[in-house]
Amino acid sequence: VGADQAVLPHGRPARCPRCRPGMLEGVLERLLLQYLAPYVDGIRKDSLNVGVWSGQVELKNLSLKPEVLALLGMPDFKAQGSKIGIISLAIPWRALMAKEVRVTIDVVHMQVEHVAGGSTKTDEETAQEMREAKRQVIGLRTDQLSDLLVQQQQAEQGDKQEQEDQGWGASLARTIVQNLQLSFSDLHVSMVSKDQGLACSLDLPRLSVLSADESFTTAVKVDGAARGSSMFKMLRMEKFGLKMAEAGNSDLSTARYILTPISVDLNMAHMPSTQTLQFKLEVAAKEQVAFRMLRSQSKQLLRIAAQNAAAKARIRRVIAPPEAEESVLGLDGGQAAQQAYFDLFRRRELVEKELASDLQPLTDEDVKQLALLEDVLPVLYLARQRLKVAKEVEALSQVIQQRKSVIEAEEEKSRPGFFGRLWGRKAEVQEAPETSRKPLLTEEERETFRKEVLDQSKVEAVELPQRYKLELVLGTTSVDLVDDRWQADNDRNVLTASLQGIRMGMDVANKADHNGNDSLEWRMEGRLLPLSARQSGRDLVRVMDAADGAKDGFVARLVLENLLEPNRNLLHVTFLTEPLELNWQAGFYEPIMEFIKSPEVSSDSVIAPAAAPTGNYDAVLDLSKQLLQTYGDQAKTAAEAVYRRLPDAVGLKVLIASPIFQVPVEGRGISTISLGKLLVATPKPCAYDNIKIDIHLTETMVAATSSRGERFNMVRPAPIHLKMGYSQKEDVANFRMEAKLEDLSLTLAPQACSILLALPSAFTSGSRTAGGPGDASTRS
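Being a predicted model, the structure only gives us computed values, none of them experimental.

Cut-offs and rules
Residues numbered from 1 in each chain as written. Predicted model: local features only at pLDDT ≥ 70, side-chain atom pairs only at ≥ 80, totals over all residues. Heavy atoms only, no water. Helix = DSSP H or I, 4+ residues; strand = E, 2+ residues; numbered from the N terminus. Contact = heavy atoms within 4.5 Å. Areas by Shrake-Rupley, 256 points an atom, 1.4 Å probe, with all protein chains shown as cover. Buried < 20%, exposed > 50% of the residue type's maximum accessible area, 1.4 Å probe, protein only. Patch = residues over 30% accessible without salt bridge, like charges linked within 9 Å, V, L, I, M, F, W, Y side chains within 5 Å. Salt bridge = Lys/Arg side-chain N within 4 Å of Asp/Glu carboxyl O. pLDDT = per-residue confidence, 0-100. Pairing = 2+ DSSP bridges. Phe/Tyr/Trp six-rings, centres within 6.5 Å; stacked < 30°, edge-to-face > 60°. Lys NZ or Arg CZ within 6 Å of the ring centre and 35° of its normal. Expected span 1.5 Å × (residues − 1).

Q: What should I look at first to understand the overall build of the chain in this one?
A: In terms of regular secondary structure, the chain is built from 17 helices and 30 strands. Taking the contacts inside the chain whose residues are at least 6 apart along the sequence as the reference set, 69% of them involve residues at least 24 apart. When the accessible surface of the chain is totalled, it reaches about 45,200 Å², and 56% of it is carbon and sulfur.

Put into structure tokens, the structure is as follows:
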């Protein structure tokens, strides 16, 4: 072990002793070329080779390929005018398991253009671009699936020594991830269109991935031996924000924040000693996030989205008309189409590579059908079928080459030797006519090889964690929708809403239940913190004071638990809400709906929807029978597995506090209505054949307050108590219910009746006029 190599506790040097010289360097070079080159222009193998072997890689003068977004699953967009400042890697080859592996990416700028929204190309040219981009994505996905398949095969076929090496390799990879330090700075993505009057941008000043201590409060510098088996990583995304210029303005320098900068933290912990994997995502936990949008901006985005959708539909018709797409997908969602694509693509590849002399080349109709299937079917489906064909072609090529070698060797032996030719003797074996020569592989043999090659259902066996913990924290968030047609603040205020946060968590553990079956014990909890909403300077939603509700800091709480107890599996459900005060304003929803309503697009760009397929019940019935025959056993097995894991008993507690509605009646007063609190609970956990449920309804209230401040309690709290029970023994089922209604007090006064009778009109009248609030003088 060299002086600069650390020695790990188990005695192995920091560099893997099983790794052949240059093996890791070659692997990294191949990975960079395979996973980076398809997305980035400017990567050269010669310069990359020198950098990888020295441990210092610097890639400059790079740019993203125009089709990078299509490769990432966004075929409707392409990248224009992009640049990458530098990508650098610092890899300590001689101390790989003890020193930091540092990756730095600085300056990534990209301008996005909508493919279908361009005005300089015809629909046919754009359709051809999208076809070509899809072909590249299919090729990339096929390569990725092939790599995964190779890894699975290696894991399945490895002997004890290879498995030990793989374990060491997995340990090496895990340690590298633990030592990985990533710094990503200055990401800027913009979309500018002068034709559409749009300018918006996404900015991310800094993103980093760091190693952390167990508390995730401080970053840890990796140096020397590994810090034990547990791994703690932090992802920090700082000051992520969205900007947009005013509607009709394509000058990006005038853009203002529609989403103020926020920070996102993701903490990940893997603790093999307890077989626990833990994630915690915090969004806007360090600052208050504000989303603010003008009505003109909303209409501009909706209009552009509608135009682009119409253009996309128009180009989609060029690529694949609706009737052709419907014929491909059919009633089975494309299952038959996938098989058809596999058969055609396989036949083409076998014929072109001369692996099946008994197969006929594709006809013109076959070629058209193959192209149509590639246009319609999703990328992943196509990639899977191509991978199957590629593996079959690879296996057949090897077998045929082996048989050719055997035949050539036999022919060589059968040729007359030197003395035979000297004495004029002729070879006994004559060359058979080309037309009578048998194929090297029969169709039956090819089918056998195909089944053997494509039997890749097993996955790599890994030591999965036995416990998972997930947590989500959303900080204070506000939304402000502004109607910029008006000047007065109250008229401009379409909606101002604020949410103090959301907390969600899940804890899942793999355990055996009381019957000895593998099962899951889990707990999920969600909390909604206080919220409020205002419109035109008046409250719409308000949380009741702490003395009345929200004592525990939440307005809604949901808890679901599946407990594996010694003698049963128990599902427990808890749902609690606290009262909210809702102030009804007639027509309050109209400005909100108008704000998000998509504008009309020109009739020449609207694509009429395809005619609905006619009902073919016989075909549906036949398909259902086929699916049942094909997958019936699997469905039965899955259903039995689900049934075995159903809880034996259930516990229920639901407490719903009805909102308190404040409904103003013009010129008369205010009506206050609340259904009170509804409690639905089981006295104790119940088995399904013996269920008992108690229902309590309390604090029901109907009141009226006149315009002079007089309050009339028309319906005073009248508790209602219901007890319901269900039991079943053998073939006899029993249901019972008890109802108890305490004293009901009903008080009527002329003023209160007048307010109550006017409620229907109060709910429906008073909506804003088409011209909007205020008069013409308030317009900006």
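Q: Whenever I open this one, unusual backbone geometry confuses me. Can you help?
A: With the exception of glycine, the majority of residues adopt a negative phi angle, and the majority of peptide bonds are in the trans configuration. Of note, the phi angle at Val107 is positive, near 70 degrees, even though the residue is not glycine. In this structure, Val107 sits in strand E4 (residues 101-114). Using a relative accessible area of 18% as the deciding quantity, one classes Val107 as buried. Even without glycine at this site, Glu699 takes up a positive phi of about 65 degrees. Within the element layout of this structure, Glu699 appears in the loop between strand E26 (690-698) and strand E27 (701-706).

Q: Looking at this structure, how should I read the environment of Glu374?
A: Following the sequence through the fold, Glu374 ends up in helix H9 (residues 364-376). Each C-alpha atom, one on Glu374 and one on Ala320, is 10.0 Å from the other, the two residues being 54 residues apart in sequence. Leaving out residues up to four positions away in the same chain, Glu374 has contacts with Lys134, Arg135, Tyr341, Leu382 and Arg386.

Q: It is not clear to me how a nonpolar patch on the surface should be interpreted in this structure. Could you clarify?
A: A surface patch of nonpolar side chains, about 310 Å² in accessible area, is lined by Tyr589, Met593 and Ile596. Tyr589 sits in the partly exposed class, given a relative accessible area of 41%.

Q: Sorry, what's going on with the confidence of the model for the chain here?
A: Segments scoring low in pLDDT should not have their predicted coordinates read at a detailed level. Across the chain, pLDDT averages 77, with 74% of residues at or above 70. Confidence over residues 603-616 falls short of pLDDT 50; this stretch has 11 contacts with residues more than four positions distant or in other chains. Note that pLDDT drops below 50 for residues 774-780; the model gives that stretch 15 contacts with residues more than four away or on any other chain.

Q: Help me understand the pattern of salt bridges in this model?
A: Two side chains that carry opposite charge are able to pair once their charged atoms sit near each other. Evaluated as defined, the whole model comprises 30 salt bridges. When the shortest N-O distance is used, the salt bridge between Glu113 and Lys78 registers 3.9 Å. Of this pair, Glu113 sits in strand E4 while Lys78 is found in strand E3 (residues 77-90), placing the two residues 35 residues apart along the sequence. Residue class for Lys78 comes out buried when judged on its relative accessible area of 13%.

Q: Is there a simple way to think about the pairing of strand E29 (residues 720-729) in this case?
A: Both faces of the sheet carry side chains from a regular strand, because those side chains alternate between them. Where E26 and E29 come together, eight bridges link them in antiparallel fashion. Pairing of Asn690 across the sheet is with Ser727, part of E29. Between the antiparallel neighbours E29 and strand E30 (residues 732-741) lie two residues, among them Glu730 with a positive phi of about 55 degrees.

Q: I tried to follow the packing of aromatic side chains on my own but got confused; where do I start?
A: Two numbers describe a pair of aromatic rings. These are the distance of the centres and the angle of the planes. In this structure the tally under the stated criterion is four aromatic pairs. With a centroid separation of 5.7 Å and 15 degrees between ring planes, the pair formed by Tyr341 and Phe345 is classed as stacked. A residue pair is termed a helical-turn pair when its members lie 3 or 4 positions apart in one helix, as Tyr341 and Phe345 do in helix H8 (residues 335-352) at four residues. Side by side, Tyr341 and Phe345 carry an identical accessibility label, which is buried. For the ring pair Trp584 and Phe588, a centre distance of 5.2 Å and an interplane angle of 80 degrees mean the geometry is edge-to-face. Taking the ring centre of Tyr257 as reference, the NZ or CZ of Lys243 above it sits at 4.9 Å.

Q: Sorry, what's going on with the environment of Val68 here?
A: Within the secondary structure, Val68 is located in helix H3 (residues 68-71). Put simply, Val68 and Pro38 are 30 residues apart on the chain and 7.9 Å apart in space, counted from C-alpha to C-alpha. The residues contacting Val68, other than those within four sequence positions of it, are Tyr39, Ala79 and Met110.

Q: Is there a simple way to explain the side chain of Ser208 in this structure?
A: Note on placement: Ser208 falls in strand E6 (residues 198-211). Given a relative accessible area of 4%, Ser208 falls into the buried group. With sequence-adjacent residues up to four places away left out, Ser208 is seen in contact with Leu182, Met234, Leu235 and Arg236.

Q: Any chance you could explain H8 here in plain terms?
A: The periodicity of an α-helix, 3.6 residues per turn, causes residues three or four places apart in sequence to face the same way. In a regular helix each residue adds 1.5 Å, so 18 residues correspond to 26 Å; H8 covers 26 Å between its end C-alpha atoms and thus fits that length. Ala337, Gln338, Tyr341, Phe342, Leu344, Phe345, Arg346, Glu349 and Leu350 are the residues of H8 that are buried. Positive backbone phi, approximately 55 degrees, marks Glu354, located one or two places after H8.

Q: Is there a simple way to think about the environment of Ala390 in this case?
A: Here Ala390 shows up in helix H10 (residues 379-414). The sequence separation of Ala390 and Leu350 amounts to 40 residues, and the corresponding C-alpha distance is 9.8 Å.

Q: I tried to follow the side chain of Arg557 on my own but got confused; where do I start?
A: Tracing the sequence through the fold places Arg557 in strand E18 (residues 556-565). Among all residues touching Arg557, those that are not within four sequence positions of it are Arg523, Glu525, Gly526, Arg527, Thr574, Phe575 and Leu576.

Q: Even after reading the chapter, I still don't get helix H6 (residues 295-319), so can you show me in this structure?
A: Here H6 contains 25 residues, and its C-alpha end-to-end distance of 36 Å stays within 8% of the 36 Å for a straight helix at 1.5 Å per residue. Every buried residue belonging to H6 is among Arg295, Gln297, Ser298, Lys299, Gln300, Ile304, Ala306, Asn308, Ala310, Ala311, Ile315 and Ile319, and all of these are buried.

Q: What should I look at first to understand the pairing of E4 in this one?
A: Of the strand pairs in this sheet, E3 and E4 are connected by 11 bridges, and their pairing is antiparallel. Bridging from a neighbouring strand, Ala90 pairs with Arg102 of E4. The pairing of E4 with strand E5 (residues 180-193) spans 10 bridges and is parallel. Bridging across to E5, Thr104 finds its partner in Ser183.

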